[in-house]
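# Fold and geometry: a report
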Amino acid sequence: SFVQPICKLDIYNAFALKAVLLYLYVMYIVFYTEDMKRNLLFLLLFTVTVLLFAQTDFPSLEPLFIYEKEGEPLSGEDLIRAGLEFSLCPAESENGRQVLSQYKALEDAVLSPEIADLPLMERGEKILTLMYEKLLRQYSSNQTRVDVMFLTGSYNCVSSSLLYFALAREAGLQVAGQETPEHAFCTVYIDGKKIDVETTNPGGFNPGVKKIVEQTEKSTRYFVVPKKYYAGRKEVGERKFVSLVGRNMVSMMNDRSDYAHGIPLSCARMVFVGDAVARDAAAVREDFDTLAGNYAIDLDQRQKESEKALDWLDSVYARWGASAELQKKYNTIAYNCAVNFLNKKDYAQARQAFDRHKSNLTQKNAASIEVMIYTAWLDGATEGLPPDEMISFLHEEGNNPLAKEKSVSSRMKQLEEYAWYQKLKPLFDSGDYIAAARLADEGLSHVPASRNLETIKSQCLKNYAIDVHNEFADLANAGKYEEALATVQKGLEVVPSNATLKNDLRKVQNFLKK
C-alpha cells in the first residue's frame, strides 16, 4: 500500500463512553472488598476526568492520510490511487479496488498495440476517445470524485483530466496538468508543440482543429471543438494536479462549514504536494489558510467565541506555522476578543486573554490592543470616584509606561479635566465664581494648556463680572454713586480687563463729576 491512513480512536463517541463507564460501574458493584472498591472508584473518577478534560472541539490538524510513495514521476496507477484518497475512497476499500481494476483495464487498452503503435498525435487523441467509449457518460460540474467517475461515468474537468493524465503518461506521452481559477485540463508536448486537451469533450484533443466525423465518396463531414483561451492558466506539478480533487472536495466542505473533515483533508494536500515546487506549495498552503481562517472567523463571528478562535489559530501556528493571511485574521480576532470583554467591563479577562495570545500578534497590533485595554480599564477604574480620589489615582497612573502613549495621555488628560470640573461645579452652581475660578487655576497647574479648564475659568470670571455689574447697576440706579464706584473698583481688581466693568467705571465717574 502506498497510502498510510492515520487512524484515530474516537474516545468521545457517546456510546463508547457510556459502555466504558457502565463497565466500571458494574465492576464496582460486584467487587466485595472495600480496598478493591476504593481503587475502582478512583479509576472510575480518573477515567471521567481524563475524558472530559482531554476533549477538544477543534478539527484535527493532522493530515487525513499520508501518501507514502516518494519522488516523481508517479505512475498512472499512483495518480489514480492518490485521487481516490482525495475522493475519500481509500484504494484498499471495496470501491477502491473496483476502481483500480477498471483503471487497469483502461491502461491495458492504452498499452495494446492498437493504440501504443500509433504516432504520438494520434495516440493522444485516441486516449481521449477511449475514455468516452469505455467510461465517461455524463458531465457534472461538481462531480470531482474519482471513485464516482469510475462507478457511474459522471465526471467533471478535474476528475476527467486526472484520468487522461494517468493514461497519457502510461502511453509514453509527455503530459502536464493545467489549472485556471475555474477549470482544469491537460497539455501534451509532441514534437516541440504544446497541445491542449479539453477532457470534458470527447473531441477536445487539440481544440480549434477541424476533424473528420464521416467521409463518403461524395462528402466529408467535419466538426471543430472551439479553441479556448484560458485566462490565468498555470502549468502545475503532477502532485498539485492530483490534489485538485482534494481542493474541490475541501471547497464543498467549506461551503457547508464542515471543517472537521475539510481541514484534515487540506492538511493531507499540503503533505502530499510537499515543497518540491515552491509555487505549488504556496498555492496549497494558501488554500489551507483560507479554510483554517474561515473556521476561525466562524468561531469569532457566528459562535461568538473570539478567544476560542485565537486558541484555534495558536494550534494552527504550532502545527503548521504562521502565514500573512492568517496573521491578518489573528490580529482582527484578537481585537474583537478584547472589545467583547471590554463591552462587558471585564477588564481582567480582557487583559488575561491578551497576555495569553500577544506572542502571536504583530508588535503594532499588540501595542494597539494593550493601549485599548488599558484605556478602557482607566475609564472603569475612575468611574464614580470622588474628584480628589480620581485626581490622585490619575497622578499615580501617570507613572505607568503606557501613560506615555499619545492616546492614553490624551484620555488621562480628559479624565483629569472632568475631575477638576466635578470639583469646582458645586462652587460654580452656588455662584461662588471667584473660588471656582481659583480652583480652575489650580487644575491648570496640573493639566497645562487645558482648553476645557481655560474655558471654565473664563466663564467663571465672566459670571463674576456680570454679578458685579448687576450690583453696580442697582446702586447707581438708586443714586448711591460712591458705593457703586467702590463695587466696580473691587470687581476690576479681580477682572481688570473686563470691558463691561470698565464702561461702568467711566459712567459712575462721570456721574460723580456732575
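Shown above is the structure to which this text applies.
Residues numbered from 1 in each chain as written. Predicted model: local features only at pLDDT ≥ 70, side-chain atom pairs only at ≥ 80, totals over all residues. Heavy atoms only, no water.

## Some details on helix H19 (residues 433–446)
The first and last C-alpha atoms of H19 sit 20 Å apart over 14 residues, in line with the 20 Å expected at 1.5 Å per residue. Those residues of H19 lying buried are Tyr433, Ile434, Ala436, Ala437, Leu439, Ala440, Gly443 and Leu444. Each element contacted by the buried residues of H19 is listed here: helix H18 (406–429), helix H20 (451–477) and helix H21 (481–494). (Helix = DSSP H or I, 4+ residues; strand = E, 2+ residues; numbered from the N terminus. Expected span 1.5 Å × (residues − 1). Buried < 20%, exposed > 50% of the residue type's maximum accessible area, 1.4 Å probe, protein only. Contact = heavy atoms within 4.5 Å.)

## Some points on the pairing of strand E7 (residues 193–197)
Inspection of the sheet shows strand E6 (residues 184–190) paired to E7 by five bridges, in the antiparallel sense. Across the sheet, the residue bridging to threonine 187 is aspartate 196, located in E7. Counting the residues in the hairpin turn of E6 and E7 gives two residues, including aspartate 191, whose phi is positive at 50°. (Pairing = 2+ DSSP bridges.)

## A few points about the sheet that holds E6
The sheet built from four strands is open, its strands ordered E7-E6-E5-E10 with antiparallel pairing. A single partner strand is all that each edge strand has here, and the edge strands are E7 and strand E10 (234–236). Averaged over all adjacent pairs, the angle separating strand axes in this sheet is 40°, with direction ignored. (Axes fitted to C-alpha atoms, helices over the stretch in contact; angles between N-to-C directions.)

## Remarks on the environment of aspartate 474
Mapped onto the fold, aspartate 474 is located in helix H20. Given the relative accessible area of 56%, aspartate 474 is considered exposed. Taking the C-alpha atoms as reference points, aspartate 474 and alanine 484, separated by ten residues in sequence, lie 8.2 Å from one another.

## Looking at the pattern of salt bridges
Overall, the coordinates contain 24 salt bridges when judged by the stated rule. One salt bridge connects lysine 308 with aspartate 57, and the closest N-O pair in it is separated by 3.2 Å. Placement of lysine 308 in helix H13 (residues 306–320) and of aspartate 57 in the loop between helix H2 (34–54) and strand E2 (65–67) is noted, with a sequence separation of 251 residues between them. Residue aspartate 57 is classed as exposed on the basis of its relative accessible area of 54%. Three or more residues joined by partner-sharing salt bridges are found here, namely Arg351, Asp355, Lys358 and Glu370. (Salt bridge = Lys/Arg side-chain N within 4 Å of Asp/Glu carboxyl O.)

## Re the environment of leucine 173
Mapped onto the elements, leucine 173 comes out in the loop between helix H8 (157–170) and strand E5 (174–179). Residues leucine 173 and tyrosine 189, spaced 16 residues apart in sequence, show a C-alpha to C-alpha distance of 7.5 Å. Residues in contact with leucine 173, not counting those within four places in the same chain, are Leu120, Gly124, Ile127, Tyr164, Ala168, Val188 and Ile190.

Read these as layout, nothing more, since geometry by itself doesn't imply function.
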